[in-house]
Amino acid sequence: QVQLVESGGGLVQAGGSLRLSCAASGRTFSSYAMGWFRQFLGKEREFVAAISRRGGNTDYADSVKGRFTISRDNGKNTVYLQMNSLKPEDTAVYYCAARRFDVDRRTNSYDYWGQGTQVTVSS
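Along each chain, residue indices are assigned from 1 in the same order as the chain's sequence is written. Where local features are concerned, this predicted model is filtered to residues with pLDDT of at least 70; where side-chain atom pairs are given and counted, the filter is 80 or more; whole-chain, interface and lining totals use all residues. Derived side-chain values reflect all non-hydrogen atoms in the structure, with water molecules and hydrogen atoms excluded from consideration.

Caption draft 1: Representation of the pattern of salt bridges in the model. The term salt bridge refers to a pairing of a side-chain nitrogen on Lys or Arg with a carboxyl oxygen on Asp or Glu at a separation within 4 Å. By the definition in use, this model includes seven salt bridges. We note a salt bridge from R38 to E46, for which the minimum N-O separation is 3.3 Å. Throughout this description, buried means an accessible area under 20% of the type-specific maximum (1.4 Å probe, protein chains only), exposed means over 50%, and partly exposed covers the range between. We classify R38 as buried; its relative accessible area is 3%. A salt bridge links D90 to R67; the shortest N-O distance between them is 2.7 Å. Of this pair, D90 sits in the loop between strand 8 (78-83) and strand 9 (92-99) while R67 sits in the loop between strand 6 (58-60) and strand 7 (68-73), placing them 23 residues apart in sequence. Of the two residues, D90 and R67, neither departs from the other in class, the shared state being buried. Helix numbering and strand numbering both begin at the N terminus, where a helix is a DSSP run of H or I of at least 4 residues and a strand a DSSP run of E of at least 2.

Caption draft 2: How the structure looks around the side chain of D90. The buried category is assigned to D90, whose relative accessible area is 1%. In this structure the side chain of D90 is engaged in a polar contact, spanning 3.0 Å, whose partner is the side chain of R38. In what follows, a contact means two residues having at least one pair of non-hydrogen atoms within 4.5 Å. Here D90 is in contact with R38, F40, R67, F68, S85, V119 and V121, once residues within four sequence places are set aside. Two N or O atoms form a polar contact when they lie within 3.5 Å of each other; inside protein one atom must be a possible hydrogen donor and the other a possible acceptor, and for residues adjacent in sequence the pair counts only when both atoms belong to side chains.

The quantities given are spatial measurements derived from coordinates; they are silent on function.
And the structure:
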């Protein structure tokens, strides 16, 4: 199994930035594509971004293109989500997820999930 732990969430003003991190357990981190999802209050979990096993391919939801950047460091077993130009509508719980082997936008296609970290953007 893969254990995922998110960190870096918090409160930020509109227009500001946050960097989320997701630390993974195990020695086979590079075998998994990684994704970030978010869940608004009272809504279903939705896709934010994903990155391939070696980081050569990325995918973003239209709502975050140009503002968010997903990256990974396989030597540190960590995936990141750099969030710039944050908006109040970005407020959500953000989740890190892992799947074998390729990127996917579907929530139910991911095998492992972190506990989530709250991001709140004030206006």
